[in-house]
Amino acid sequence: MNPAISTGGRRTLWVVFWFLVVFLYAPIVILIIFSFNNSEIVSFPWLGFTTRWYHEFVHEPALLSALKTSLLVATLTSIVATSLAIPAAIALVRRRFFAKGFVSGVMLAPLVIPLVVLGISLLILFNAVGVPLSPYTAVIGHVVIAMPFAILVMVPRLERIPAALEEASRDLGATAAQTFRMITFPLLVPALISAFLISFTISFDELVISSFLVGDQATFPVYLYSQLRLPERLPSVIAVAVVILVVSVIIVVASEAGRFISERRLEAQTGMAADDIGSLRAGKG
Amino acid sequence: MSDTMSDPTTAAISIRGVTKRFGEVTAVDDLSIDIREGEFLTLLGPSGCGKTTTMRMVAGFEEPDEGDILLRGEEVVGVPPNKRHVNMCFQNYALFPHMDVQQNIEYGLKLRKVGKEDRARKVEEMLSIVRLEGYEHRRPGQLSGGQQQRVALARALVNEPAALLLDEPLGALDVKLRKQMQLELKRIQHELATTFVYVTHDQEEALSMSDRIAVMNEGVVEHLGSPRDVYERPATPFVADFVGVLNAAELAVTSVDGDRAVLTINDKDHVVAPATGHDLAAGTMALVTVRPERIAITRGAAEANGGSRLSGTVAQVVYLGTLTQFHVETSAGKTFVVHQLSTEGSEAIDARDDVTLTWPVEDSAILRVGADATSP
């Protein structure tokens, strides 16, 4: 027991903790319950168990097409964001250059810029340049917001790969490109997978930027939002939300678990802490 | 340092007037060394003396601001590390964690497009030289520190480099393993007759393994010579101090008698030192030094027998196992350290005892002359 906290304090913390848990997860639990309620009105009383809302959405062509658009946008977004994040992360971790703090600020800025602002400014930009709106313009918007996350996932992994490994590879006769292909890239794979999955979920969930940029081919969140105007559609929208929720949770948990395990393995294998790596890079002596 | 400049055409590595600056700091300052084919040369110095930077410039990870580096007579400044025929053993081994021992060792051979069978044969040969037969398919994470060290050696040596560069390779090992690996390294170097350039801050390691030692300080080589030379005839006070414990005192020369100088302290005590190579006259100040193990310590009074004699009081006795160390406050005004084999006789001397220190003429050395001579 932590002696720094009194019994009364512990009790208070306990209550606050459970309040938070209920506050966060009760809506999700209710969502799951109502997706199986045999009633078109989303409220109690419980009128019996059904899976018809799930059957209904599977047979809804507009919904399936929106899903397809979202999958396309999310896949392209993850590929582009991850590919761009690799050189960005390498530059931030391995290179020393002028105004590095400023550059990293610029790269990570989309994290704090309101999505509405980003969406509108991109919309104005595309109109001004004359680019017609399509799922591809939405991809551009999503890459902007997903890339900071992809970079942030890769940086710590890269910091744990000793620069000496890359130097050893060069020393043994490999060019910079061969070194990336045979040493850096294989060791970076777990972080690449994480970055890919996180970019994917960000894009798949995204409503604001999509609604500005996607044009007339709605993505899935845009479609769901539009369906809220029709009360009779609500139960099947909820059913879809539950499916998405379950799939997202599985993907995120799996990717984080994978990253954690491989991180531990790398550490055990190189037997090196981050500060050793720093001193190696500085070329002590 | 007459042996700095040997014939560069026969040198494995020739470093000529190399300077390297990091911003305001000059890490290496107009450094010149010729490293002979097949020799074991150690760059010895405290951290920050430029020894690692020098090695990294030879390997190609840093480029000098001034000067030339030649590998077997060919200029390599500006050549990327992968095109230089030297290999390096990194401080923390830098084994590739996602490859097994065999893949690690054959990495360089693969890049040079050596055939599969040749690779396997060479890896096997190397593993037997470093005594790791049967470890081909282990991952680095499954090996002990000493074993990883051997793999790192094999991975570098399998490429038959013009020189092997070792950057404090034993730093991460415990003392016992380190001693063992020192002998192993020496054996391997002897077996393959490869030029080894070894970087360390451990003077014992340097003395026990090297053919020649370059003692570095603040970016320059202060002394380049054999271990015996560096230890017994250090060129500068820094070298003397860094390569072993050193007793030093600044005294006035009272007379010069042919090849020996006498520095009298009082009617009983004086230091006698070889005077050759120094411009000495009565009255000049000189920094005289003597190694702790050269001094004989006697309880009470003793005769100088033509050598040096200092009286003093024992301040502290430290038992070190084989040796016993005495800290003696001497009439020269400095505390001298004396090492004596721990025999029964050394037990007789205790703290606060009055003692006499004596040593022969040739064990004194005058390291610096002039009024500004301050002890190291």
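Not measured: the values here are computed from a predicted model. (Residues numbered from 1 in each chain as written. Chains lettered and ligands numbered in written order. Predicted model: local features only at pLDDT ≥ 70, side-chain atom pairs only at ≥ 80, totals over all residues. Heavy atoms only, no water.)

Visitor: Describe helix H5 (residues 145–157) of chain B, and please don't skip the residues or the numbers.
Guide: With 13 residues, H5(B) should reach 18 Å at 1.5 Å per residue; the first-to-last C-alpha distance of 18 Å fits that figure. For H5(B), a buried count of twelve out of 13 residues is recorded, marking the element as mostly surrounded by other parts of the structure. (Helix = DSSP H or I, 4+ residues; strand = E, 2+ residues; numbered from the N terminus. Expected span 1.5 Å × (residues − 1). Buried < 20%, exposed > 50% of the residue type's maximum accessible area, 1.4 Å probe, protein only.)

Visitor: Outline the environment of B:Gln182, listing residues and values.
Guide: All names here are of chain B. Its place among the elements puts Gln182 in helix H6 (residues 175–192). Judged by its relative accessible area of 10%, Gln182 falls in the buried class. When the C-alpha positions of Gln182 and Glu205 are compared, they lie 7.3 Å apart, and in sequence the two are 23 residues distant. Beyond its immediate sequence surroundings of up to four residues, Gln182 is in contact with Leu170, Glu205, Ser208 and Met209. Within polar-contact distance, the side chain of Gln182 engages the side chain of Ser208 at 3.2 Å. (Contact = heavy atoms within 4.5 Å. Polar contact = N/O pair within 3.5 Å; in protein donor to acceptor, adjacent residues only side chain to side chain.)

Visitor: Explain the packing of aromatic side chains to me, using residue names and the numbers behind them.
Guide: In the structure shown here, the tally under the stated rule is 14 aromatic pairs over all chains. Relative to B:Phe242, the ring of B:Phe238 lies with its centre 5.6 Å away and its plane at 15°, an arrangement referred to as stacked. With B:Phe238 and B:Phe242 both in helix H9 (residues 237–242), this residue pair falls four residues apart, about one helical turn. Among the aromatic residues, those joined into a cluster by ring pairs are A:Trp14, A:Phe17 and A:Trp18. Here the basic side chain of B:Arg155 rests over the ring of B:Phe96, its NZ or CZ set 4.6 Å away from the ring centre. Here the guanidinium or amino end of B:Arg291 rests over the ring plane of B:Tyr231, the centre of that ring lying 4.1 Å away. (Phe/Tyr/Trp six-rings, centres within 6.5 Å; stacked < 30°, edge-to-face > 60°. Lys NZ or Arg CZ within 6 Å of the ring centre and 35° of its normal.)

Visitor: Explain the nonpolar core to me, and be specific about the residues and the numbers.
Guide: A general trend in soluble globular proteins is that nonpolar side chains are found buried together. Of all hydrophobic cores here, the largest spans 62 residues; its most connected members are A:Met154, B:Ile13, B:Ile33 and B:Leu165. Considering every element that reaches this core, the biggest residue donor is helix H3 (residues 61–94) of chain A, with seven residues. Setting aside anything within four residues of it in sequence, one finds A:Met154 in contact with A:Thr82, A:Ala85, A:Ile86, A:Ala89, A:Leu188, A:Ala191, A:Leu192 and A:Ala195. Of all hydrophobic cores here, the second largest spans 32 residues; its members include B:Phe40, B:Leu127, B:Ile129 and B:Tyr198. (Core = buried A, V, L, I, M, F, W, Y, C linked by side-chain atoms within 4.5 Å.)

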